[in-house]
Amino acid sequence: MSLTDTYTLSNDTKIPALGYGTWQVTNPEEAIQGVVDAVNEGYRHIDTAQMYKNEEYIGQGIKKCGVPRNELFVTSKLNNTNHGYDKARQTILESLEKLDLDYLDLFLIHWPVVKDTDLDWQQDNIDTWRALEDLYDEGKLKAIGVSNFAVPHLKNIVENCRIKPMVNQIRLHPGVLQKDTVEMSHNENMIVEAWSPLSPLKHMKEDAKVQTMCTEYGKSIAQILLRWSLQHGYVTLTKSVHEERIKENADIFDFELSTEDMKYLDGLEFEDLDKPDDFEKR
Ligand SMILES: NC(=O)c1ccc[n+]([C@@H]2O[C@H](COP(=O)([O-])OP(=O)(O)OC[C@H]3O[C@@H](n4cnc5c(N)ncnc54)[C@H](OP(=O)(O)O)[C@@H]3O)[C@@H](O)[C@H]2O)c1
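Predicted, not measured: the structure shown is a model, and the values here were computed from it. (Residues numbered from 1 in each chain as written. Predicted model: local features only at pLDDT ≥ 70, side-chain atom pairs only at ≥ 80, totals over all residues. Heavy atoms only, no water.)

1. Regarding unusual backbone geometry
Turning to step 1, where the next piece is worked out: In this model, K53 sits at a positive phi of 55°, which is unusual for a non-glycine residue.
Turning to step 2, where the next piece is worked out: Along the chain, K53 turns up in the loop between strand 4 (45-47) and helix 2 (55-64).
Turning to step 3, where the next piece is worked out: The backbone phi angle of Q178 is positive, close to 40°, even though this residue is not glycine.
Turning to step 4, where the next piece is worked out: When you line up the elements, Q178 lands in the loop between strand 8 (167-171) and helix 6 (179-187). (Helix = DSSP H or I, 4+ residues; strand = E, 2+ residues; numbered from the N terminus.)

This is how it looks when you write it as structure tokens:
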């Protein structure tokens, strides 16, 4: 496996297995330089969102990086404030303008439930999804999917919509396994993307077994976590605004965690790790 290896989505679109994340990167210079550094390092997959308020800068990074558009895979996501057919359609077109792109490789509904509203989430997701389906048909979105959708949300789309989501992007790392959601996503032919794979980093520093793994494999805890995610078959998204870490996080294709080490990491639990939000609270 290598940095440019891809999975194939249910509509035959290729998606690179490792993606460069851009959450919390709001400083324009950092956002632009981050994309340039990541692409120079060999990443070909960039993940942004309307909510991150950086699409404009990510677009500038894409222009500056020197790699042709058709060699990059760019994802954005719908803000919670932009649900509903008309608003979704309008703001997806605005995302394209901000990114200065003719199409997105993947577009996701960011969250299934909009916090603090009395919307019927089922109907709301169906209406919103229809906007993604139409823009997919028009070629503006090369693939469409969802994010943070648990089993009831996935069922609602699968049972009531014309096109099945091709991706479900959820929080996944040791301590947060979301087994039911992963299983249903796979059963419905979705590729699962893992966000915040490095969240347990600081909790694992004192773990003697993890320290032994670092020595044996000659890798950092961050690299062990990213490799764990890849070996589960997840498209793995990771973010850094530091060139040396961008490089370190991509240097995970020359080793393989043993079955025993994978099992150990699967079994880790962290008491004070914040868990994925219950959808009722969104
Ligand atoms: N769909 C969703 O709801 C959702 C939610 C969260 C994230 N995401 C996506 O998933 C991407 C990845 O998640 P994430 O941003 O939480 O990323 P992450 O890769 O899990 O963690 C990033 C954090 O770890 C630090 N870091 C990065 N590499 C490191 C290394 N080698 N050693 C030590 N620390 C390191 C970064 O700091 P520095 O930048 O200072 O290096 C940053 O604070 C996001 O950027 C976003 O695109 C999606």
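2. Details of helix 6
Turning to step 1, where the next piece is worked out: Inspection of helix 6 places T181, V182, M184 and S185 among the buried residues, and these make up the whole buried set. Down the axis of helix 6, the sector holding all buried residues measures 170°, keeping them to one side. Exposed residues on helix 6 whose side chains face more than 90 degrees from its buried face are K179, D180 and N187.
Turning to step 2, where the next piece is worked out: Tucked into the core, helix 6 has its buried residues touching helix 5 (151-160), strand 8 and strand 9 (191-195).
Turning to step 3, where the next piece is worked out: With its phi angle positive at about 65°, N189 sits one or two positions after the end of helix 6. (Buried < 20%, exposed > 50% of the residue type's maximum accessible area, 1.4 Å probe, protein only. Arc of directions from axis to C-beta. Contact = heavy atoms within 4.5 Å.)

3. Looking at the site of the ligand
Turning to step 1, where the next piece is worked out: In the vicinity of the ligand there are 26 residues, among which D47, S196, T238, S240 and R245 approach most closely.
Turning to step 2, where the next piece is worked out: Contact distances for the ligand include 2.8 Å between a nitrogen atom and a side-chain N or O atom of Q169.
Turning to step 3, where the next piece is worked out: Between an oxygen atom of the ligand and a main-chain N or O atom of L198, the distance comes to 2.8 Å.
Turning to step 4, where the next piece is worked out: Here the ligand, which alone exposes 900 Å², has 85% of that area covered by the protein.
Turning to step 5, where the next piece is worked out: Contributions of two or more residues to the shell around the ligand are made by strand 10 (235-238) and helix 10 (243-250).
Turning to step 6, where the next piece is worked out: Take the shell around the ligand: its biggest share by element is 3 residues, from helix 10.
Turning to step 7, where the next piece is worked out: Considering only residue class, the shell around the ligand consists of 10 nonpolar, 11 polar and 5 charged. (Near = heavy atom within 4 Å. Polar contact = N/O pair within 3.5 Å; in protein donor to acceptor, adjacent residues only side chain to side chain. Areas by Shrake-Rupley, 256 points an atom, 1.4 Å probe, with all protein chains shown as cover. Nonpolar A, V, L, I, M, F, W, Y, C, P; charged D, E, K, R; others polar.)

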